[in-house]
Amino acid sequence: MNSGNYQDYVFKDGQFVGDFEGMYAESKELPWHQDQTAKAIFSELDVAILRSLHQRNRYRRAADLGCGLGYLTHRFHTEALASPPCEIFGFDLSPTAVRSCRKKFPDIQFDALDLTSIPLEELHDKFDLVILGNCIWYLLDGLEAFLECVDLLCSKRLYVFNSFPSRKPYHGDHLFPNAQAIPEWFEKNGNWKTAYQCIEKDASYDGREYLHLLMEKPSCEA
């Protein structure tokens, strides 16, 4: 595509494209402004929530799905899940993004992974905490397969943070018209229950919603 606009690799003329490898390999712009400064600004609450959860639950192994360029994975590793130490892995669909992560953060293991096509038998109960940040909109065509993968990938808790467009229509509004629809969907379609949720409303962007959500397996103690 060789577009200078990274958004064209994801949405073009109102249609979902989903060429994340092309975006990271070819776009002249930094996708979603994924530099250290931006991640620091927009992730403070998620880091604080995960730090608090970790102090209570002592996670051993965590996975950050859709990690992009790894800046937020690094913050989870050094701040939220640092004490006691939790082994964290970063996964992204784009091999180019993964190579960049490995170069910047050699103390974290990063691998390429398609969240709708995981070798399920190899990943059963592998992580006691799975983190999914702002990926829902890119999984809509494979939600059933994704849910099955995450159910097997995660043995205890799933932490989801996801922003919502301030105006409709938008891609996926038929399934997730608001932030509350995400926990309702997980509870209806998967083996999950809501343990904690917080919905921010950004006054600077017409009340745009931002969801912070902890789901857990019904058998998992609070």
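Preceding this paragraph is the structure being described.
Note that the coordinates shown come from a computational prediction; the quantities given were computed from them, not determined experimentally.

Colleague: Could you give an account of the overall build of the protein chain, with specific residues and numbers?
Modeller: In terms of regular secondary structure, the protein chain is built from seven helices and nine strands. Its C-alpha radius of gyration of 17 Å places the protein chain within 12% of the 17 Å reference for a compact globule of 222 residues. Across its three principal directions, the C-alpha atoms of the protein chain cover 45 × 40 × 35 Å. Taking all 222 residues of the protein chain together, the buried fraction comes to 45%. Residue pairs in contact within the protein chain that sit at least 24 positions apart in sequence constitute 70% of those at least 6 positions apart. Of the roughly 11,000 Å² that the protein chain leaves accessible, carbon and sulfur atoms contribute 48%. In the protein chain, 23 positive and 33 negative side-chain charges are present, and the distance between their average locations comes to 5 Å.

Colleague: Tell me about the packing of aromatic side chains, and name the residues and values.
Modeller: Tallying each qualifying case throughout the model produces 14 aromatic pairs. Ring plane angle 50° and centroid distance 6.3 Å describe the contact between Phe 11 and Tyr 138, whose orientation is recorded as tilted. Highlighted residues: Phe 11 in strand E1 (residues 11-12) and Tyr 138 in the loop between strand E6 (127-133) and helix H6 (143-153), separated in sequence by 127 residues. With relative accessibility at 26%, the residue Phe 11 sits in the partly exposed group. Their ring planes at 85° and their centres at 5.6 Å tell us that Tyr 71 and Phe 105 sit as a pair that is edge-to-face. Taken together, the residues Tyr 71 in helix H4 (residues 71-80) and Phe 105 in the loop between helix H5 (95-104) and strand E5 (109-112) connect sequence positions 34 residues apart. On the basis of relative accessible area, Phe 105 is assigned to the buried category, the value being 8%. Members of the aromatic cluster, connected to one another through ring pairs, are Trp 137, Phe 164, Tyr 170, Phe 176, Trp 185 and Phe 186. Stacked on the ring of Phe 89, the Lys or Arg Lys 126 has its end atom at 6.0 Å from the ring centre.

Colleague: Give me the pairing of strand E9 (residues 208-216): which residues, what numbers.
Modeller: With eight of nine residues buried, E9 is to be regarded as a mostly interior element. Pairing of strand E7 (residues 154-163) with E9 involves seven bridges; the strand directions are antiparallel. By the bridge assignment for E9, Val 160 is matched with Leu 213. In this sheet, E9 lies alongside strand E8 (residues 193-202) in antiparallel orientation, the contact comprising nine bridges. Note on E9: the bridge partner recorded for Gln 197 is Leu 213. Linking two consecutive strands that pair antiparallel, namely E8 and E9, is a turn of five residues; a positive phi of about 55° is found at Asp 206 within it.

Colleague: So what about the nonpolar core? Which residues, and what values?
Modeller: Leu 65, Leu 132, Leu 158, Phe 176 and Phe 186 are the most contacted members of the largest nonpolar core, which totals 34 residues. Sorting the residues of this core by element identifies strand E3 (61-65), strand E4 (87-92), E6, H6, E7, helix H7 (181-189) and E9 as the ones contributing at least two each. For this core, the element with the most residues is H6, which contributes five residues. Beyond its immediate chain neighbours, meaning those up to four positions away, Phe 186 contacts Ile 136, Phe 146, Leu 147, Leu 158, Val 160, Trp 192 and Met 215.

Colleague: Could you give an account of the sheet that holds E9, naming the residues involved and the relevant values?
Modeller: The strand order across the open sheet built from seven strands is E5-E4-E3-E6-E7-E9-E8, with neighbouring strands paired in mixed fashion. Edge positions in the open sheet fall to E5 and E8, since each of these has one partner strand only. If you compare each strand with its neighbour and ignore which way they point, the axes differ by 15° on average. Of the strands in this sheet, E6, E7, E8 and E9 touch helix H3 (residues 44-57), which is tilted by about 165° from E7. Against the sheet, H6 engages E3, E6 and E7, with an angle of about 130° to E7.

Colleague: Before we move on, could you go through the environment of Asn 134 and cite the residues and values that matter?
Modeller: Checked against the element boundaries, Asn 134 lands in the loop between E6 and H6. In this structure, the C-alpha to C-alpha distance between Asn 134 and Phe 164, residues 30 residues apart in sequence, is 9.1 Å. Each residue touching Asn 134, except ones within four places of it in the same chain, is listed here: Phe 161, Asn 162, Ser 163 and Tyr 210. Among the polar contacts listed, one links the side chain of Asn 134 to the backbone nitrogen of Ser 163, at a separation of 2.7 Å.

How each quantity is defined
Residues numbered from 1 in each chain as written. Predicted model: local features only at pLDDT ≥ 70, side-chain atom pairs only at ≥ 80, totals over all residues. Heavy atoms only, no water. Helix = DSSP H or I, 4+ residues; strand = E, 2+ residues; numbered from the N terminus. Rg over C-alpha atoms; globule rule 2.2 N^0.38 Å. Buried < 20%, exposed > 50% of the residue type's maximum accessible area, 1.4 Å probe, protein only. Contact = heavy atoms within 4.5 Å. Areas by Shrake-Rupley, 256 points an atom, 1.4 Å probe, with all protein chains shown as cover. Lys, Arg positive; Asp, Glu negative; His and termini not counted. Charge placed at Lys NZ, Arg CZ, Asp CG, Glu CD. Phe/Tyr/Trp six-rings, centres within 6.5 Å; stacked < 30°, edge-to-face > 60°. Lys NZ or Arg CZ within 6 Å of the ring centre and 35° of its normal. Pairing = 2+ DSSP bridges. Core = buried A, V, L, I, M, F, W, Y, C linked by side-chain atoms within 4.5 Å. Axes fitted to C-alpha atoms, helices over the stretch in contact; angles between N-to-C directions. Polar contact = N/O pair within 3.5 Å; in protein donor to acceptor, adjacent residues only side chain to side chain.

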